[in-house]
Amino acid sequence: MVPQGSRAELEFGGPLGRLWGSGRVGEWTPTRLPPSPGAAALLLLLPATMFHLLLVARSGPARLLGPPPYLPELEELWSPWALLLCLTWLGLQAALYLLPARKVAEGQELKDKSRLSYPINGFQALVLTALLVGLGVLAGLPLSALPEMLLPLAFAATLIAFIFSLLLYLKALVAPASALAPGGNSGNPIYDFFLGRELNPRICSFDFKYFCELRPGLIGWVLINLALLMQEAELRGSPSLAMWLVNGFQLLYVGDALWHEEAVLTTMDIIHDGFGFMLAFGDLAWVPFTYSLQAQFLLYHPEPLGLPLASVICLINAVGYYIFRGANSQKNTFRKNPSDPRVAGVSHLLPYFYLLYFTALLVHREARDEQQCLRKYGLAWHAYCRRVPYRIVPYIY
């Protein structure tokens, strides 16, 4: 039987972009899966992957592929203090969410033609959190001890995500049909639990999805990075330059996301996806504990970095940030008003350079691979090509 995929798919494990969706940190969106068994598998696979990454980051070899260095006992994962700390963190961020906002923005029009209001005070929450943490450290808060609690904290965050998702699912059972998300109302309980049934679950004006989207996870990511920096200073006398850069670059990213918090109101997460385990786990557990992996790695595997290379890295980051910010601002402007003269009628070839370049690059690369494989394998390569007739795109090329 002739395989229907292309050689590129067989060699690289599937079409590019099959596993994850795209977007910024707040848009943590796995590609949609059939109701079963994909969603059920991800309920176990995603937490398992997170814990695997945490265990690997602190191990000597730090090998991503292969089994974890060891399997932690339940006593190493479960800690009531870690659970209390997670709940306290969520309570603090919820209290900051309820403070008077510098602006209240309206979301996109819903199916019933109404618009919800959202407080734009995420950056304010970041600044106030920094002040509170700073005061706590001055008062003796052992922030540098936080890295030793990452496993139980991740376990507590995962437990909270599961329970929270169950409560959200039960709440959605009594929600009106107009409040349900387009993709989370399949009738399959596991799939709907994973994807989320209700589009904008709220109690009074407190919007759970909007709250979780950028605040606890992103600010928690910054806090974990800072704790890792402080522990490195205790272990080695001062933080390494690499650790400073990781903290600075990622703080810039988080600060940017919260300063432009209103832009999240036009993302797929807010306007299309329901709020279920997918987003709850991603926002509360995946983001803070896996996005801090660079800082975790540097704590256990110090990397010397000189000023010349650091300067080059800073320049590359500055250029990347300029492109990133400009592209996201244009995307948000277009989503809010496609007729805005700043983005309407874009007919330039330049934005498509990346697509055209990589199309030419991959076609040329495939042709070179074809010649190399033919010389190396001979008749065996001809037999392979008869079984896999398509080079890159099935039925097209």
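Residues numbered from 1 in each chain as written. Predicted model: local features only at pLDDT ≥ 70, side-chain atom pairs only at ≥ 80, totals over all residues. Heavy atoms only, no water.

**Student:** Just give me the short version of the overall build of the protein, but keep the residues and values in it.
**Tutor:** Check the secondary structure of the protein and you find 16 helices and 4 strands. With the model as given, the accessible surface of the protein reaches about 21,700 Å², and the carbon-plus-sulfur share is 70%. (Helix = DSSP H or I, 4+ residues; strand = E, 2+ residues; numbered from the N terminus. Areas by Shrake-Rupley, 256 points an atom, 1.4 Å probe, with all protein chains shown as cover.)

**Student:** Give me the lowdown on unusual backbone geometry, citing residues and values where you can.
**Tutor:** Despite not being glycine, Cys 204 shows a phi value in the positive range, around 55 degrees. Inspection of the secondary structure assignment puts Cys 204 in the loop between β3 (202–203) and β4 (206–207). The exposure class assigned to Cys 204 is exposed, which follows from its relative accessible area of 77%. The backbone of Tyr 395 shows a phi angle near 70 degrees, a positive value even though the residue is not glycine. Along the chain, Tyr 395 turns up in the segment after α16 (379–387). (Buried < 20%, exposed > 50% of the residue type's maximum accessible area, 1.4 Å probe, protein only.)

**Student:** Go over the environment of Tyr 210, please, and point to the residues and values.
**Tutor:** Locating Tyr 210 in the fold gives a position in helix α8 (residues 208–214). Separated by 51 residues in sequence, Tyr 210 and Glu 261 place their C-alpha atoms 9.9 Å apart. Tyr 210 has contacts with Tyr 97, Tyr 118, Pro 119, Ile 120, Arg 215, Glu 261, Val 264, Leu 265 and Ile 270, leaving out every residue within four places of it along the chain. (Contact = heavy atoms within 4.5 Å.)

**Student:** Which residues make up the environment of Ile 270, and what values do they have?
**Tutor:** Looking at the element boundaries, Ile 270 is found in helix α11 (residues 268–271). A relative accessible area of 5% means that Ile 270 is categorised as buried. Excluding residues that lie within four positions of it along the chain, Ile 270 makes contacts with Tyr 118, Leu 199, Asn 200, Lys 209, Tyr 210, Val 264 and Leu 265.

**Student:** Can you lay out the packing of helix α5 (residues 122–138) against helix α9 (residues 216–236) for me, pointing to particular residues and giving the numbers?
**Tutor:** The contact between α5 and α9 brings their axes to 11 Å, and the two run at 30 degrees. Between α5 and α9, the crossing angle belongs to the class labelled roughly parallel. Helix-helix and strand crossings are classified by hand; for α5 and α9 the assignment is right-handed. Residue-level contacts link Ala 125, Leu 126, Thr 129, Val 133 and Val 137 of α5 to Ile 219, Leu 223, Leu 226 and Met 230 of α9. Broken down by class, the residue content of the contact of α5 with α9 amounts to 8 nonpolar, 1 polar and no charged. (Axes fitted to C-alpha atoms, helices over the stretch in contact; angles between N-to-C directions. Parallel < 35°, antiparallel > 145°, perpendicular 65-115°, else oblique. Left-handed = near helix turned anticlockwise from the far one by under 90°. Nonpolar A, V, L, I, M, F, W, Y, C, P; charged D, E, K, R; others polar.)

**Student:** I'd like a rundown of the packing of aromatic side chains, residues and numbers included.
**Tutor:** Aromatic ring pairs are described here by two measures, namely the spacing of the ring centres and the angle between the planes. Under the defined criterion, the tally for this structure stands at 21 aromatic pairs. On the numbers, 5.7 Å between centres and 85 degrees between planes, the contact of Tyr 97 with Phe 211 is edge-to-face. Here Phe 211 lies in helix α8 and Tyr 97 lies in helix α4 (residues 80–97), a separation of 114 residues in the sequence. By way of ring pairs, the aromatic residues Tyr 97, Tyr 118, Phe 164, Phe 206, Phe 208, Tyr 210, Phe 211 and Phe 275 are connected into one cluster. (Phe/Tyr/Trp six-rings, centres within 6.5 Å; stacked < 30°, edge-to-face > 60°.)

**Student:** Mind laying out the packing of helix α2 (residues 38–57) against helix α12 (residues 277–290), listing which residues take part and the relevant values?
**Tutor:** Each pair of packed helices can be described by the angle between their axes along with the distance between the axes. Running from amino to carboxyl end, α2 crosses α12 at an angle of 5 degrees, the nearest separation of the two axes being 11 Å. By the angle between their axes, α2 is roughly parallel relative to α12. Only Phe 277, Phe 281, Ala 285, Trp 286, Phe 289 and Thr 290 of α12 make contact with α2, whose side of the interface consists of Leu 43, Leu 46, Pro 47, Thr 49, Met 50, Leu 53 and Leu 54. Looking at the contact of α2 with α12 residue by residue, the classes come out as 11 nonpolar, 2 polar and no charged.

**Student:** Residue-level account of the nonpolar core, with values.
**Tutor:** Ranked by size, the top nonpolar core spans 79 residues in total, and within it Met 50, Phe 164, Phe 194, Phe 275, Phe 281 and Phe 289 carry the most contacts. For this core, the leading source of residues is helix α6 (residues 150–173), giving 11 residues. If sequence neighbours within four positions are ignored, Phe 164 has contacts with Phe 208, Cys 212, Phe 275, Ala 280 and Leu 284. (Core = buried A, V, L, I, M, F, W, Y, C linked by side-chain atoms within 4.5 Å.)

**Student:** So what's going on with the side chain of Ser 292? Residues and values would help.
**Tutor:** For Ser 292, the position within the fold is in the loop between α12 and α13 (293–300). The buried category is assigned to Ser 292, whose relative accessible area is 0%. A polar contact is formed between the side chain of Ser 292 and the side chain of Gln 296, at a distance of 2.9 Å. Apart from the residues lying within four places of it in its own chain, the contact partners of Ser 292 are Trp 221, Ile 224, Asn 225, Leu 228 and Val 287. (Polar contact = N/O pair within 3.5 Å; in protein donor to acceptor, adjacent residues only side chain to side chain.)

**Student:** Give a detailed account of the side chain of His 52, specifying residues and quantitative values.
**Tutor:** Looking at the element boundaries, His 52 is found in helix α2. Once you skip the residues sitting within four places of it in the chain, His 52 turns out to touch Leu 64, Gly 66, Pro 67 and Pro 68.

**Student:** Any details on the confidence of the model for the protein? Residues and values, ideally.
**Tutor:** The predicted model of the protein has a mean per-residue pLDDT of 86, with 89% of residues at 70 or higher. The least confident element of the protein, judged by mean pLDDT, is helix α1 (residues 7–12) at 40; the most confident is α4 at 97. Low pLDDT, under 50, characterises residues 1–34; the stretch is placed with 93 contacts to residues that sit more than four places away or in other chains. (pLDDT = per-residue confidence, 0-100.)

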